[in-house]
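Listed here are the chains, written in short residue letters.
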Amino acid sequence: EPRPTRPNLLRHTLRISIPVSLAVTVVALPIYAVSLANGASPEVARTILTTVSSFMGIGLLALIPVAADTEGRIRMPGWGRTLLLITTMVVAYLAVLSTDAGRSFFGLTPLSVETVAVLGLVAVIWTLAVLLIRRTGLVQRAVDELIAFWKRTSSVLRAERGRPA
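Rules used in this analysis
- Residues numbered from 1 in each chain as written.
- Predicted model: local features only at pLDDT ≥ 70, side-chain atom pairs only at ≥ 80, totals over all residues.
- Heavy atoms only, no water.
- Helix = DSSP H or I, 4+ residues; strand = E, 2+ residues; numbered from the N terminus.
- Buried < 20%, exposed > 50% of the residue type's maximum accessible area, 1.4 Å probe, protein only.
- Contact = heavy atoms within 4.5 Å.
- Areas by Shrake-Rupley, 256 points an atom, 1.4 Å probe, with all protein chains shown as cover.
- Core = buried A, V, L, I, M, F, W, Y, C linked by side-chain atoms within 4.5 Å.
- Expected span 1.5 Å × (residues − 1).
- Phe/Tyr/Trp six-rings, centres within 6.5 Å; stacked < 30°, edge-to-face > 60°.

**Student:** Looking at this structure, how should I read the overall build of the chain?
**Tutor:** Counting secondary structure elements, the chain contains six helices and zero strands. In sequence order, the chain lays out its α and β elements as α-α-α-α-α-α. Burial analysis of the chain (165 residues in total) assigns 22% to the buried set. The long-range share in the chain, meaning contacts at least 24 apart out of those at least 6 apart in sequence, stands at 61%. For the chain, the accessible area works out to roughly 11,400 Å², and carbon and sulfur atoms hold 68% of it.

**Student:** Can you help me understand the side chain of Thr-127 in this one?
**Tutor:** Mapped onto the elements, Thr-127 comes out in helix H5 (residues 113-136). The residues contacting Thr-127, other than those within four sequence positions of it, are Met-56 and Gly-59.

**Student:** Just to check I follow, could you spell out the nonpolar core for this structure?
**Tutor:** Where a protein is soluble and globular, its nonpolar side chains tend to be buried together. Residues Phe-55, Met-56, Leu-97, Leu-111 and Trp-126 are the most contacted members of the largest nonpolar core, which totals 20 residues. Going through the elements one at a time, helix H1 (9-37), helix H2 (42-59), helix H3 (78-98) and H5 are the ones with two or more residues in this core. Residues contacting Leu-111, with those up to four places away along its chain left out, are Val-44, Thr-47, Ile-48, Thr-51, Leu-97, Val-116 and Leu-119.

**Student:** For this particular structure, what's the right way to read helix H6 (residues 138-160)?
**Tutor:** Because the α-helix completes a turn every 3.6 residues, residues three or four places apart line up on one side. Between the first and last C-alpha of H6 there are 33 Å, a value that for 23 residues agrees with the 33 Å anticipated at 1.5 Å per step. Among the residues of H6, Gln-140, Val-143, Ile-147 and Ser-154 are the ones counted as buried. Looking one or two residues beyond H6, the residue adopting positive phi is Gly-162, at roughly 85°.

**Student:** Teacher, can you tell me more about the packing of aromatic side chains here?
**Tutor:** Two aromatic rings are characterised by how far apart their centres lie and by the angle between their planes. Across all of its chains, the model carries two aromatic pairs by this definition. When the ring of Phe-55 is compared with that of Tyr-93, the centres are 5.6 Å apart and the planes differ by 75°; the resulting orientation is edge-to-face. Of this pair, Phe-55 sits in helix H2 while Tyr-93 is found in helix H3, placing the two residues 38 residues apart along the sequence. Tyr-93 shares its class with Phe-55; the two are buried. Here the aromatic rings of Phe-105 and Phe-106 are separated by 4.9 Å at their centres, their planes lie at 85°, and the arrangement is edge-to-face.

**Student:** What should I look at first to understand the side chain of Ser-35 in this one?
**Tutor:** Its location among the elements puts Ser-35 in helix H1. Overall, Ser-35 belongs to the buried group, its relative accessible area being 11%. Ignoring any residue separated from it by four or fewer positions in sequence, one finds Ser-35 in contact with Ala-40, Ala-45 and Ile-48.

Structure, rendered in structure tokens:
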């Protein structure tokens, strides 16, 4: 039997998922366009896009709170578990990118070590910026204001139409 949806799922999605998705797009698509403009083939540009997007997604793992085990203990410090997870995911992606079978399965092409390093650096800088913005609460406050405005506007519109607010 499915569990009921949390009442603040929409708010959570608006506050975290959508802004972060837009932030990935704002960085990844220009990198893709620049790589095409500089003569990369569509396959290489797609691999560059996939790599930078994957690295940024892996960096977002730093936002996930570390849960305790079933006995309420965290055997490894929270930052250690997060770092281990991020490192494991980066190694797994690099293994896919560096093997013929992995590249073939995901439709990727080989990239130079320098290109992967630059994309990794872009992702690290992006992740640090996201963490800083998240810590300041700037985006969350803006989304909360947007939600409050939406609620006020929708209740006014309902009242004008004669429906209960």
